2 protein chains.
Amino acid sequence: MVKTCGVSPIKLKVWLKHIDRENRYQTLNYVTDGEETTIIITVRNDIQHDVEKKLASIETQIIKKLGNYVYGTGKQTLEAVVGGMLAECGQTLAVAESCTGGMISARLTDIPGSSDYFERGVVSYSNEAKISLLDVSPNVIEAHGAVSAETAVAMAEGVRWLAQTTFGLAVTGIAGPGGGTDEKPVGLVYIALADEQAETQWRRCQFSGNRMMVRIKTVQTALDMLRQRLLTRGES
Amino acid sequence: MVKTCGVSPIKLKVWLKHIDRENRYQTLNYVTDGEETTIIITVRNDIQHDVEKKLASIETQIIKKLGNYVYGTGKQTLEAVVGGMLAECGQTLAVAESCTGGMISARLTDIPGSSDYFERGVVSYSNEAKISLLDVSPNVIEAHGAVSAETAVAMAEGVRWLAQTTFGLAVTGIAGPGGGTDEKPVGLVYIALADEQAETQWRRCQFSGNRMMVRIKTVQTALDMLRQRLLTRGES
């Protein structure tokens, strides 16, 4: 099994057509849950040794082709991979969540030993909580709204500053079913990631699906954004 | 389906023996997930009308027998029931979590419209977060430890005070697999619930199971403690 995040199964199928063709006795299956897609490799062969070799070879080809879209293999989870990367380089994290209501923190702290890198999580559902727990300026919320790039950035920078961590990760969005407008429809989510650099990275996402699906996709995209950042830092 | 929390399936079976015996063409099945048990009533009969009448009658008998252990029927969830009760009486809630790492907030905010009563959640994994975000005195943590009734009470009162909500719900415990001692073993959890009364209610729980199970049981017990409190308030 090869596990990916942030790329649609349709794209994956196109990108892996080449590998799918070259191997006649094998099947690639795609299981998608939100933004995560697991590629299940099946190989038909009676000789055990060959099967394992073949599986390993296809896995290697897929990973090579997909690059950083792959976060892990087998039973690895996104939160375990991100946690492992943080622990390895002694970096710490604080999280501020609005629409996901604690799901990012819950997934990260699902990993034993996560207290080594997870400092705090804040579920700032009200504007008052954003102001008092995250040091977000009321002017920012007033000017741009609670669901905006500016508020997401202020949340990420605020939680990072107050927690004194390497990273501050924040999400704010409209999970629905209510609360959407023409300008800011249900599924609109801003994700921001602050670190010691002056410019805080942020992303605007428009997710489809019901409340639960918007929440799940937001969690996955936020964790993957942190993973990609950790990969870039590791390279530089 | 009749849904219960805080009572073992063994006890349920003993208590419902009487109902199980009186009805020859029916079966009661018990599906348990952590502290929650769903009783599934099956009735065999060819006449549709009779079956529905019979199901309703057994459901009524079970609810009468189990009283407040029943939190709902059919597809109702604990978080929806608690949320409904809070919304109905215009009361608000703030949550402080340690070992559950955001799972209580995530379950509560799973309900559309939860922003009406859910003000904030704090995942205070570090002692610094407990002190700065929840106003817990360092002396309390020093004297009794982060996993103690005193710290749980201080967290519940702190988050309630800072958020200015009707209720403050807090949990602190050892989810494992590491971190346990002879005195404070894995699975030890303190849950506290503060409201405007001078004396904050708290419970000491010793849960069995792995990290995930301890976390799930803690969430369920905390939500049910709030539900029981809302029931009592409703009566008085």
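Residues numbered from 1 in each chain as written. Chains lettered and ligands numbered in written order. Predicted model: local features only at pLDDT ≥ 70, side-chain atom pairs only at ≥ 80, totals over all residues. Heavy atoms only, no water.

**A word on the overall build of chain A**
As a reminder, the rule being used: By definition, any uninterrupted DSSP run of H or I lasting at least four residues is a helix, any uninterrupted run of E lasting at least two residues is a strand, and each is numbered from the N terminus. Taken over C-alpha atoms, the radius of gyration is set against a globule rule of 2.2 Å times the number of residues to the power 0.38. Each residue is assigned to one of three classes by its accessible area relative to the maximum for its type, calculated with a 1.4 Å probe on protein chains only: buried under 20%, partly exposed between the two thresholds, exposed over 50%. Two residues form a contact once any of their heavy atoms are found within 4.5 Å. For the accessible areas, the method is Shrake-Rupley and the probe is 1.4 Å, while residue cover comes only from the protein chains on display. Charge counting follows a simple rule: Lys and Arg are positive, Asp and Glu are negative, and His as well as the terminal groups are ignored. By convention, the charge on Lys lies at NZ, on Arg at CZ, on Asp at CG and on Glu at CD.
A tally of helices and strands in chain A yields 9 helices and 9 strands. By the compact-globule yardstick of 18 Å for 236 residues, chain A fits well, its C-alpha radius of gyration being 20 Å. Dimensions along the principal axes, computed over C-alpha positions, put chain A at roughly 65 × 40 × 30 Å. In chain A, which comprises 236 residues, the proportion classed as buried is 52%. Considering only residue pairs separated by 6 or more positions, chain A has 63% of its internal contacts joining residues 24 or more positions apart. Accessible surface for chain A amounts to roughly 10900 Å². Of this, 51% is attributable to carbon and sulfur atoms. Averaging the positions of the 25 positive and the 27 negative side-chain charges in chain A gives two centres separated by 8 Å.

**With respect to the relation of the copies chain B and chain A**
We apply this condition: When the copies are overlaid, the least-squares fit takes in C-alpha atoms only where the residue has pLDDT of at least 70 in both copies.
When chain B is fitted onto chain A, the two copies agree to an RMSD of 0.0 Å after a turn of 180 degrees and an axial shift of 0.0 Å. Both copies are brought into coincidence by an operation consistent with a two-fold rotation axis. Interface residue correspondence from chain B to chain A reaches 100%, placing this contact among same-surface, isologous pairings.

**Here we look at the nonpolar core**
What counts is decided by this rule: Among the buried residues, those of types Ala, Val, Leu, Ile, Met, Phe, Trp, Tyr and Cys that are joined through side-chain atoms within 4.5 Å form a nonpolar core.
Of all hydrophobic cores here, the largest spans 46 residues; its most connected members are Leu-133 and Leu-134 of chain A together with Leu-133 and Leu-134 of chain B. Of all the elements in the fold, those that place two or more residues in this core are strand 5 (93–97), helix 6 (127–134), helix 8 (149–163) and strand 8 (188–194) of chain A together with strand 5 (93–97), helix 6 (127–134), helix 8 (149–163) and strand 8 (188–194) of chain B. With near-sequence residues (within four places) excluded, Leu-134 of chain A lies in contact with Ala-96, Val-122, Ser-124, Ala-129, Ala-154, Met-155, Gly-158, Val-159 and Leu-162 of chain A.

**Some points on the sheet that holds strand 2 (residues 26–33) of chain A**
All names here are of chain A. Applied cut-off: DSSP calls a pair of strands paired once it identifies at least 2 bridges connecting them. With axes taken as lines fitted to C-alpha atoms, and helix axes fitted only over the stretch in contact, angles between N-to-C directions fall between 0 and 180 degrees.
Overall, antiparallel pairing links the 4 strands, which are arranged 2-3-1-4 in an open sheet. The open sheet has two edge strands with one neighbour each: strand 2 and strand 4 (70–73). Averaged over all pairs of adjacent strands, the angle between their axes in this sheet comes to 25 degrees, without regard to strand direction. For strand 2 and strand 3 (residues 36–43), the ladder comprises 8 bridges, and the chain directions are antiparallel. Its bridge partner being in strand 3, Thr-27 is matched across the sheet by Thr-42.

**Points about the pairing of strand 1 (residues 2–5) of chain A**
All names here are of chain A. Of the two faces of strand 1, the one carrying Val-2 and Thr-4 and the one carrying Lys-3 and Cys-5 are both buried. Sheet topology places strand 1 next to strand 4; 3 bridges connect them, and they run antiparallel. Across the sheet, residue Thr-4 finds its bridge partner in strand 4, namely Val-70. One ladder, built from 4 bridges, connects strand 1 with strand 3; its direction is antiparallel. Its bridge partner lying in strand 3, Lys-3 is registered against Thr-38.

**Details of the sheet that holds strand 1 (residues 2–5) of chain B**
Residues and elements named next belong to chain B. Across the sheet, 4 strands lie side by side as 2-3-1-4; this open sheet has antiparallel pairing. Strands at the two margins of the open sheet, each flanked by one partner only, are strand 2 (26–33) and strand 4 (70–73). Within the sheet, the average angular offset between the axes of one strand and its neighbour, ignoring direction, is 25 degrees.

**A closer look at the interface of chain B and chain A**
Quick note on the threshold: The buried area of a pairing is the accessible area, by a 1.4 Å probe, that goes missing from both parts when the two are put together, added over both. Only one rule defines a salt bridge in this text: a Lys or Arg side-chain nitrogen within 4 Å of an Asp or Glu carboxyl oxygen. Here a polar contact is recorded for every N or O atom pair within 3.5 Å, except that within protein the pair must consist of a potential hydrogen donor and a potential acceptor, and residues adjacent in sequence are included only if both atoms are side-chain atoms.
Tallying the contact residues gives 28 residues for chain B and 28 residues for chain A. Here chain B and chain A share an interface that buries about 2100 Å² over both sides, 55% of which is from carbon and sulfur atoms. If you sort the residues of chain B by the area they bury against chain A, Arg-120, Tyr-125 and Leu-133 of chain B come out on top, with a joint share of 23%. Notably, a salt bridge pairs Arg-215 of chain B with Asp-110 of chain A, separated by 3.7 Å at the nearest N-O pair. For the interface between chain B and chain A, the tally reads 19 residue pairs in polar contact (both at pLDDT 80 or more). Within the residue set of the side of chain B that touches chain A, elements represented by two or more residues are helix 5 (103–108), strand 6 (118–124), helix 6 and helix 9 (211–235) of chain B.

**Side note on the packing of aromatic side chains**
Think of a pair of aromatic rings as described by two things: how far the centres are apart, and how the planes are tilted against each other in angle. Inclusion rule: Planes of paired rings set the category: under 30 degrees apart is stacked, over 60 is edge-to-face and the rest tilted, where pairs are Phe, Tyr or Trp rings (Trp by its six-membered ring) whose centres lie within 6.5 Å.
Tallied over the entire structure, the rule returns 6 aromatic pairs over all chains. For the pair Trp-15 of chain A and Tyr-69 of chain A, a centre-to-centre distance of 5.5 Å together with 40 degrees between the ring planes defines the contact as tilted. Here Trp-15 of chain A is found in helix 1 (residues 9–15), whereas its partner Tyr-69 of chain A is found in the loop between helix 3 (48–66) and strand 4, with 54 residues between them in sequence. Taken together, a centroid distance of 5.6 Å and an interplanar angle of 90 degrees make the contact between Tyr-125 of chain A and Phe-118 of chain B edge-to-face.

**Thoughts on the pattern of salt bridges**
All names here are of chain A. Throughout the structure, instances matching the rule amount to 16 salt bridges over all chains. Put simply, Asp-195 and Arg-233 hold a salt bridge, and the shortest N to O gap is 3.3 Å. Of the two residues, Asp-195 is situated in the loop between strand 8 and strand 9 (201–206) and Arg-233 in helix 9 (residues 211–235); the sequence distance between them amounts to 38 residues. Comparing Asp-195 with Arg-233, the two get one shared label, buried. Via salt bridges that share partners, Asp-195, Glu-196, Arg-229 and Arg-233 belong to a single interconnected network.

**What to know about the side chain of Ser-124 of chain B**
Residue and element names in this part refer to chain B. Topologically, Ser-124 is positioned in strand 6. Taking the relative accessible area as the measure of exposure, Ser-124 reaches 0% and is therefore buried. If near-sequence neighbours (up to four positions away) are discounted, Ser-124 is found in contact with Glu-97, Ser-98, Ala-129, Lys-130, Leu-134 and Met-155.

**Side note on helix 8 of chain B**
As a reminder of what qualifies: The span one expects for a helix is its residue count, reduced by one, times 1.5 Å.
For helix 8 of chain B, spanning 15 residues, the distance from its first C-alpha to its last is 21 Å, which sits close to the expected 21 Å at 1.5 Å a residue. Listed as buried for helix 8 of chain B are Ala-149, Thr-151, Ala-152, Val-153, Ala-154, Met-155, Ala-156, Gly-158, Val-159 and Ala-163 of chain B.

**Details of the confidence of the model for chain A**
For clarity, the cut-off: The predictor attaches a confidence to each residue, called pLDDT, with possible values from 0 through 100.
Of all residues in chain A, 96% have pLDDT values of 70 or greater, and the mean over the chain is 94. The complex model carries a pTM of 0.94, and its ipTM stands at 0.92.

**A few points about the environment of Ala-222 of chain A**
When you line up the elements, Ala-222 of chain A lands in helix 9. Apart from residues lying up to four places away in sequence, Ala-222 of chain A is in contact with Ile-104, Leu-169, Val-171 and Ile-191 of chain A.

**Examining the environment of Gln-164 of chain A**
Residue and element names in this part refer to chain A. In this fold, Gln-164 is placed in the loop between helix 8 and strand 7 (167–173). Overall, the relative accessible area of 58% leaves Gln-164 in the exposed class. Sequence-wise, Gln-164 and Ser-137 are 27 residues apart; in three dimensions their C-alpha atoms are separated by 19 Å. A distance of 2.8 Å separates a polar side-chain atom of Gln-164 from the backbone oxygen of Trp-161.

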